[in-house]
Amino acid sequence: PLPDPLWSRGLGDVYKRQDETIVVPGHGPISTTQDLQTYIDMLIVVRDRIRSQIDEGKNLEEILASDPTREWRDKFGEGPFIQGVVDRAYAGMTK
């Protein structure tokens with residue numbers, strides 16, 4: 001599962017359409033199903049990186065310092081969105 005199973009299930013449901021669906025998010029640019037797949041792929045990789053580091057005993061500060069979202073900085077930016085992905089994933093996996 002992705003960091004938030006209910007939210008990721010919704011992403012998967014939209015992506016399964018595999019058509020010319022236009023995704024209009026609550027914030028951010030209008031997207032295509034390919035954009036959505038890129039986002040899902042990013043969440044999976046980031047989740048796996050965070051899980052691995054949690055298993056090594058690292059805390060949130062150490063995980064953030066490792067920059068688990070490095071490949072997607074150009075696409076998603078440096079702002080609170082990317083930080084939030086890491087924060088929420090970490091919080092969900094350490095409850």
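Residues numbered from 1 in each chain as written. Predicted model: local features only at pLDDT ≥ 70, side-chain atom pairs only at ≥ 80, totals over all residues. Heavy atoms only, no water.

### Focus: the nonpolar core
Threshold: In this description, a nonpolar core means a group of buried Ala, Val, Leu, Ile, Met, Phe, Trp, Tyr and Cys residues linked to one another through side-chain atoms lying within 4.5 Å. Burial classes follow relative accessibility: with a 1.4 Å probe on protein chains only, a residue under 20% of its type's maximum area counts as buried, one over 50% as exposed, and anything between as partly exposed. By definition, any uninterrupted DSSP run of H or I lasting at least four residues is a helix, any uninterrupted run of E lasting at least two residues is a strand, and each is numbered from the N terminus. Any two residues having at least one pair of non-hydrogen atoms within 4.5 Å are treated as being in contact.
Core analysis: the biggest nonpolar cluster contains 13 residues, and Met42, Val46, Ile50, Ile54, Ile63 and Val85 have the highest contact counts within it. Contributing elements (two or more residues each) for this core: α2 (33-55) and α5 (80-93). Leave out the neighbours within four places in its chain, and Ile63 touches Ile50, Gln53, Ile54, Lys58, Pro68, Val86 and Tyr90.

### Brief notes about the packing of α2 against α5
Formally: Axis geometry follows a simple rule: fit a line to the C-alpha atoms, using only the stretch in contact for helices, then measure angles between N-to-C directions, giving values from 0 to 180 degrees. Here the angle decides the label: under 35 degrees means roughly parallel, over 145 means roughly antiparallel, 65 to 115 means roughly perpendicular, and every other value means oblique. Note on convention: the crossing is left-handed when the near helix lies turned anticlockwise from the far helix by less than a right angle, right-handed when the turn is clockwise. Three classes are used, and their members are as follows: Ala, Val, Leu, Ile, Met, Phe, Trp, Tyr, Cys and Pro are nonpolar, Asp, Glu, Lys and Arg are charged, and the others, Gly among them, are polar.
For the pair α2 and α5, interaxial distance at closest approach is 10 Å and the crossing angle is 50°. Relative to α5, α2 is oriented oblique. For the element pair α2 and α5, the recorded crossing hand is right-handed. Residues Tyr39, Met42, Leu43, Val46, Arg47, Ile50, Arg51 and Ile54 of α2 touch α5, and the partners they reach there are Phe81, Val85, Val86, Ala89, Tyr90 and Met93. In terms of residue class, the contact of α2 with α5 is made up of 12 nonpolar, no polar and 2 charged.

### Description of α2
For clarity, the threshold we go by: Helix span is expected to be 1.5 Å times the residue number reduced by one.
When the terminal C-alpha atoms of α2 are compared, their 33 Å separation across 23 residues agrees well with the 33 Å that a helix rising 1.5 Å per residue should span. Buried within α2 we find Thr33, Leu36, Gln37, Tyr39, Ile40, Met42, Leu43, Val46, Arg47, Ile50, Gln53 and Ile54. Directly after α2, the chain includes Gly57, whose backbone phi takes a positive value near 90°.

### Details of the environment of Asp67
To keep things clear, this is the line we draw: Think of a polar contact as two N or O atoms within 3.5 Å of one another; within protein, one of them needs to be a possible hydrogen donor and the other a possible acceptor, and neighboring residues in sequence only count if both atoms come from side chains.
The residue Asp67 is located in the loop between α3 (60-65) and α4 (73-76) in this model. Residue class for Asp67 comes out partly exposed when judged on its relative accessible area of 23%. Separated by 15 residues in sequence, Asp67 and Ile82 place their C-alpha atoms 10.0 Å apart. Here the side chain of Asp67 touches Arg73 through a polar contact of 2.7 Å, side chain to side chain.

### Here we look at the pattern of salt bridges
For the record, the criterion: Salt-bridge detection follows one rule: a side-chain nitrogen of Lys or Arg within 4 Å of a carboxyl oxygen of Asp or Glu.
Applying the stated criterion to the full structure yields 5 salt bridges. Between Asp55 and Arg51 there is a salt bridge, with the nearest N and O atoms lying 3.4 Å from each other. Of this pair, Asp55 and Arg51 both sit in helix α2, 4 residues apart, roughly one helical turn. In this structure Asp55 comes out as exposed when scored by relative accessible area, which is 57%. Of the charged contacts, one joins Lys58 and Glu56 as a salt bridge, the two residues approaching to 3.6 Å between their closest N and O atoms. The exposure class assigned to Glu56 is exposed, which follows from its relative accessible area of 53%.

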